Amino acid sequence: MTAAAEIHPKTVRGVTRIVRNAKAASSLLATTSTAEKNAALGAIAEALRSNTDRIVKANDADIAAGTENGMSDALLDRLRLDADRIAAIADSVEEVIDLADPVGDVVVGRTLPNGIRLTQNRVPMGVIGAIYEARPNVTVDIAVLALKSGNASVLRGGSAAQNSNTEIISTLRRAVESAGLPADSIGGIDQYGREGAHVLMHARDYVDLLIPRGGADLINMVVQESIVPVIETGVGNVHMFVDSTATVKTAVDLVLNSKTHRPSVCNSLETLLVHEKAAKRVLPKILERLDDAGVIVHADSDVSALAPAGMKVRRVSRRDWAKEYLGLEIAIKLVSGIEEAIEHIRAYSSGHTEVIVTKDLDNADTFVTAIDAAAVGVNVSTRFTDGGELGFGAEVGISTQKLHARGPMGLEQLTTTKWVMMGNGQVRS
């Protein structure tokens, strides 16, 4: 934690200028039409494509520095941009254009007995700040969703991606300005480092909402230090429970997809719980496929006894049940039934995503009802907890808290509401 007295005055002035300018831009964005916002998003998509070479060059410098500094393969994968990934990001921007604009939607409406017409309308938050790590694609996701929902954004993407984020934000600002909206609708403070993040977390007069996205240490730091309202996102100690009735093929397919499709993200499977009555039937094949995929398995002797010849299983420890591996590792435990599975999940869940694999409808209902998480699934991959997969378009993160927004945060979750009272001179008696 950085004490306010230790922050260089130049940093305070610089970040304050950026958030003040963002606040001014947000006032204009709040009254900007959907067509104007969509035109700006179209300009962003085109600018990303036309500036691909410059963005990749900046990203190469970040990758080289990360490699030299011993960054893990999982983080390097999150950090890396190439032409294909940038093209996919540009495509996702155009998908947001097609999404409905939530601003102005009427949540509820009624006429009171005194004749006042009352509506609750969706309006932008104002200025959305974001602090995240080694994910330059998140820079575009947050800026674009904020813009479509009528908000300005101020972004702190971390030193590991500073070159990439600087180039991306510069590209976005030019594109937005070319479409007739303020360049200050999107701002970056990476150049001010951790001190800049501290100023952002205390800029309550200008920033309306702060979203941390990254590892547990980053999220906890922001939650504890920020005086700007915070929505917690991301930490994913994700579980899957394979019930006694699960078929081998379904169990294998779901475990493999959940763990290996993209292991470095927060909706990747981290702990597998298997009903002991299904163990001999499903675990040998699951372990074989995990081994083939290069996944390191942490488990006890009951599980390792079912592993194929030559497969090494690491002895599981209590700490493993709480780990978010974000890589090709998984912890596996045998449980006596759904009650023990639920008990284990309640003890170690981060509240992100939990899945049951079963053919028993009663057990499915019990699991869905008993598990307290942002997303609960039955016979699906954990990888579906994603804004794009659930039809929200790009997302700013997965909220694991219960206030305001929970689960994937798309456009609607970046708005608030105001009450509008329309009368003809009514006075209160």
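If you're wondering where the values come from, they're calculated on a predicted model, not measured in any experiment. (Residues numbered from 1 in each chain as written. Predicted model: local features only at pLDDT ≥ 70, side-chain atom pairs only at ≥ 80, totals over all residues. Heavy atoms only, no water.)

S.K.: What am I meant to see in helix α11 (residues 279–292) here?
M.R.: Note that an α-helix has 3.6 residues per turn; residues three or four places apart therefore point the same way. Compared with the 20 Å implied by 1.5 Å per residue over 14 residues, the 19 Å span of α11 between its first and last C-alpha is a close match. Every buried residue belonging to α11 is among Ala-279, Val-282, Leu-283, Ile-286, Leu-287 and Leu-290, and all of these are buried. Buried positions in α11, seen along its axis, are confined to an arc of 125° and lie on one side of it. Of the residues in α11, the exposed ones pointing more than 90 degrees away from the buried face are Lys-280 and Asp-292. (Helix = DSSP H or I, 4+ residues; strand = E, 2+ residues; numbered from the N terminus. Expected span 1.5 Å × (residues − 1). Buried < 20%, exposed > 50% of the residue type's maximum accessible area, 1.4 Å probe, protein only. Arc of directions from axis to C-beta.)

S.K.: Where do I start with empty space enclosed by the protein in this structure?
M.R.: Which parts of space are left empty comes out when a probe the size of a water molecule is rolled across the atoms. By the definition in use, this model includes 1 cavity of 30 Å³ or more. In this model, the largest cavity occupies a volume close to 40 Å³. Along the walls of the largest cavity sit Leu-48, Ile-55, Leu-81, Ile-86, Ile-89, Val-140 and Ile-168, which together make up its complete lining. (1 Å grid on protein atoms, 1.4 Å probe; cavity = no way out; pocket = protein on both sides within 12 Å on 5 of 7 lines; lining within 4 Å. Points joined across faces, edges and corners; volume = space filled by probe spheres on them.)

S.K.: Which parts of the structure should I look at to understand the sheet that holds strand β5 (residues 186–188)?
M.R.: In any sheet, the strands associate via hydrogen bonds between backbone groups, in a parallel or an antiparallel arrangement. Sheet architecture is open: 4 strands sit in the order β5-β4-β3-β6, paired in parallel fashion. For this open sheet the edge positions go to β5 and β6 (209–213), each flanked by a neighbour on one side alone. Averaged over neighbouring strand pairs, the angle between their axes works out to 20° when direction is ignored. Pairing geometry for strand β3 (residues 127–132) and strand β4 (residues 152–156), over 5 bridges, is parallel. Each bridged residue has a counterpart across the sheet, and for Ala-130 the counterpart in β4 is Leu-155. (Pairing = 2+ DSSP bridges. Axes fitted to C-alpha atoms, helices over the stretch in contact; angles between N-to-C directions.)

S.K.: I tried to follow the pairing of strand β1 (residues 106–111) on my own but got confused; where do I start?
M.R.: When a strand is regular, its side chains alternate between the sheet's two faces. In terms of burial, β1 is largely open, as just 0 of its 6 residues are buried. Where β1 and strand β2 (residues 117–124) come together, 5 bridges link them in antiparallel fashion. Bridge pairing links Arg-110 to Leu-118 in β2. What sits between β1 and β2 in their antiparallel hairpin is a turn of 5 residues, with Gly-115 showing a positive phi close to 95°.

S.K.: Got a minute to help me understand the side chain of Asn-363 in this structure?
M.R.: In this structure, Asn-363 sits in helix α14 (residues 361–370). A relative accessible area of 17% means that Asn-363 is categorised as buried. Those residues in contact with Asn-363, other than ones at most four positions away along the chain, are Asp-243, Ile-338, Ile-356 and Thr-358. (Contact = heavy atoms within 4.5 Å.)

S.K.: Looking at this structure, I do not really get the environment of Leu-112. What am I missing?
M.R.: Position of Leu-112 among the secondary structure elements: in the loop between β1 and β2. Classification of Leu-112 by relative accessible area gives partly exposed; the value is 27%. Sequence spacing of Leu-112 and Asp-372 is 260 residues, and the spatial spacing of their C-alpha atoms is 37 Å.

S.K.: Please clarify how the packing of aromatic side chains should be interpreted in this entry.
M.R.: Here a ring pair, both rings aromatic, is described through the centre-centre distance and the interplanar angle of the planes. Applying the stated criterion to the full structure yields 0 aromatic pairs. Sitting over the ring of Trp-321, Lys-333 keeps its end group 5.7 Å from the ring centre. (Phe/Tyr/Trp six-rings, centres within 6.5 Å; stacked < 30°, edge-to-face > 60°. Lys NZ or Arg CZ within 6 Å of the ring centre and 35° of its normal.)

S.K.: So what exactly am I meant to see when it comes to the layout of surface pockets here?
M.R.: Roughly 1000 Å³ of volume is contained in the largest pocket. In terms of lining, the largest pocket is formed by 41 residues, of which the most central are Arg-135, Asn-137, Asp-141, Arg-262 and Asp-386. Secondary structure elements with two or more residues in the lining of the largest pocket: α5 (83–97) and α6 (136–148). The greatest single-element share of the lining of the largest pocket, amounting to 6 residues, is contributed by α5. Among the residues forming the lining of the largest pocket, the class breakdown is 11 nonpolar, 15 polar and 15 charged. Viewed by domain, the lining of the largest pocket spans two of them, domain 1 (7–232 + 403–419) and domain 2 (237–388), each represented by three or more residues. A volume near 560 Å³ is recorded for the second largest pocket. Residue assignment for the lining of the second largest pocket shows that the elements contributing at least two residues are α4 (73–79), β3, α8 (193–201) and α9 (216–225). Per-element accounting of the lining of the second largest pocket gives the leading share, 4 residues, to α8. For the lining of the second largest pocket, the class distribution of residues is 12 nonpolar, 7 polar and 5 charged. (Nonpolar A, V, L, I, M, F, W, Y, C, P; charged D, E, K, R; others polar. Domains from an automatic or database assignment.)

S.K.: Would you mind showing me how to read the pattern of salt bridges here?
M.R.: When charged atoms on two side chains of opposite charge get close, those side chains can pair. Scanning the model with the defined rule gives 15 salt bridges in all. Across the pair Glu-288 and Lys-285 runs a salt bridge whose closest N-O atoms are separated by 4.0 Å. Placement of the pair is Glu-288 and Lys-285 together in helix α11, with a separation of 3 residues, close to one helical turn. The partly exposed category is assigned to Lys-285, whose relative accessible area is 37%. (Salt bridge = Lys/Arg side-chain N within 4 Å of Asp/Glu carboxyl O.)

S.K.: What exactly am I supposed to notice about the sheet that holds strand β16 (residues 415–422) here?
M.R.: Here we have 3 strands laid out as an open sheet, ordered β1-β2-β16, and antiparallel in their pairing. Where the open sheet ends on each side, the last strands, each with one partner, are β1 and β16. Pairwise comparison of adjacent strand axes, ignoring direction, gives a mean angle of 20° for this sheet.

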